[in-house]
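# Close look at the chain arrangement
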Amino acid sequence: MSAGIMFPAAALVSFAIAALIAYPVLTLMRKLKAGQTVLVYVDKHSGKSGTPTMGGIIFLTAAVITCAIFGGMDFSFCAVACAVTAAYALLGFLDDFIKVRFKHNQGLKAYQKIVGQAGIAVLVTVFSYRNRYISDTVYLPFTTAEFNMGWAFIPFTMILFIAVTNAVNLTDGLDGLVAKSAASNMIVLTLVCGYMLAATVPESDVLLRGQVQSMGLFCASLAGALFAFIWLNASPASIFMGDTGSLALGGAVTCAAVFLKIPFILVFIGIMYMVSCISVIVQVLVYKLKGRRVFLMAPFHHHLEYKGVKESKIVTYYTLITTVGGVIGLISCMAAEYV
């Protein structure tokens, strides 16, 4: 099946599966009383306490099933990306479970999360470094240049996974914010795969084409599933994705960028994740050094809330900026002859 048919078909199938299981999962979470406990100091969201969480199960399950249906679960980029995403989802699930079990918003301790994220990052980094289609090479945006990072690829990729998963996790603070941003990310990455297959990867390199196509299948499947999840997650959210979803999405988008050898595209498609991460770092550093706050609340989307911007508008702004960043990222790939 050609990519031009497979990718949209996979997105539609994944959407349908996610839509079918969404309400049963929501009903189950309500019966289990798996409700989110909102942090006390986020008083603007106090009314959301008790909203079912762990909704990431919906789009992750749908995406994995779709990949299996379309034959992407052999030992390919798709299979490894699914495994990495599932590993991050499991880490997030443990965090969510502790919060739900003990009825507070303190799940895994910070060091426990970092250790878990780092462990997964080590495994996927070693796979990437030893894989002949990835190795230590990355493509530079807007150029035809390749850069061989050598041994530096290992710490670079590990840090990238840890940074992106945490950044996505920090951004998950408003209804539909990460779901819509991640859906935009996955659409862009699917288009990148389609472009590579159509314009840059030689027809003669059947194995490489298969790997790129499997990565496109993975991204398209997640995009379709996320659109179905947005139905329940848009404001006012009926269910939150929880760390189960946000950590998994951080791992998924990083897998796609690393496996396609375009890690710098994350600067464009992940622009608002960077804003969230940087705002928290700045807030903490300035407060520790000078005893004052730069933002009314960090991450930045909460600052905007306290400035009086409506939640729905913030989500719209973030999604639009992410989409524009995604278009720039796509152009950065099309401007280069990636092989």
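Read on for a plain summary of the structure. (Residues numbered from 1 in each chain as written. Predicted model: local features only at pLDDT ≥ 70, side-chain atom pairs only at ≥ 80, totals over all residues. Heavy atoms only, no water.)

## Topic: the overall build of the protein chain
A count of helices and strands for the protein chain gives twelve helices and two strands. Listing each helix as α and each strand as β along the protein chain from the N terminus yields α-α-α-α-β-β-α-α-α-α-α-α-α-α. Summarising its shape, the C-alpha atoms of the protein chain cover approximately 60 × 50 × 35 Å along the three principal directions. In the protein chain, 76% of the contacts between residues at least 6 apart in sequence involve partners at least 24 apart. Accessible surface, the protein chain as shown: approximately 14900 Å² in total, 70% of it carbon and sulfur. (Helix = DSSP H or I, 4+ residues; strand = E, 2+ residues; numbered from the N terminus. Contact = heavy atoms within 4.5 Å. Areas by Shrake-Rupley, 256 points an atom, 1.4 Å probe, with all protein chains shown as cover.)

## Concerning the packing of aromatic side chains
The geometry of two aromatic rings is summed up by the distance between their centres and the angle between their planes. Using the criterion set out here, one finds nine aromatic pairs in the structure. Measuring from ring centre to ring centre gives 5.9 Å for F156 and F264, while their planes differ by 45°; the resulting arrangement is tilted. Of the two residues, F156 is situated in helix α5 (residues 153-171) and F264 in the loop between α8 (242-259) and α9 (266-269); the sequence distance between them amounts to 108 residues. The class of F156 is partly exposed, set by a relative accessible area of 24%. Classification of F264 by relative accessible area gives partly exposed; the value is 27%. Among the aromatic residues, those joined into a ring-pair cluster are F77, F127 and F259. Against the face of F102 rests R101, its NZ or CZ located 5.3 Å from the ring centre. (Phe/Tyr/Trp six-rings, centres within 6.5 Å; stacked < 30°, edge-to-face > 60°. Buried < 20%, exposed > 50% of the residue type's maximum accessible area, 1.4 Å probe, protein only. Lys NZ or Arg CZ within 6 Å of the ring centre and 35° of its normal.)

## Focus on helix α12 (residues 311-334)
In this model α12 runs 35 Å from its N-terminal to its C-terminal C-alpha over 24 residues, within 8% of the 34 Å that 1.5 Å per residue would give. Of the residues making up α12, those classed as buried are E311, I314, V315, Y318, T319, T322, G325, G326, G329, L330, S332 and C333. (Expected span 1.5 Å × (residues − 1).)

## Focus: the packing of helix α1 (residues 3-31) against helix α7 (residues 206-233)
Between α1 and α7, whose axes approach to 7 Å, the crossing angle comes to 35°. In the packing of α1 onto α7, the handedness of the crossing is right-handed. Together, A3, M6, F7, A10, A11, S14, F15, A18, A19, A22, Y23 and L26 of α1 and Q213, G216, L217, A220, S221, G224, A225, F227, A228, W231 and L232 of α7 make up the contact between the two elements. (Axes fitted to C-alpha atoms, helices over the stretch in contact; angles between N-to-C directions. Left-handed = near helix turned anticlockwise from the far one by under 90°.)

## Digging into a nonpolar patch on the surface
On the surface, a nonpolar cluster with roughly 430 Å² of combined accessible area is contributed by F142, V324, V327, I328 and I331. Among the secondary structure elements, V327 is positioned in helix α12. By relative accessible area, which is 44% here, V327 ends up partly exposed. (Patch = residues over 30% accessible without salt bridge, like charges linked within 9 Å, V, L, I, M, F, W, Y side chains within 5 Å. Salt bridge = Lys/Arg side-chain N within 4 Å of Asp/Glu carboxyl O.)

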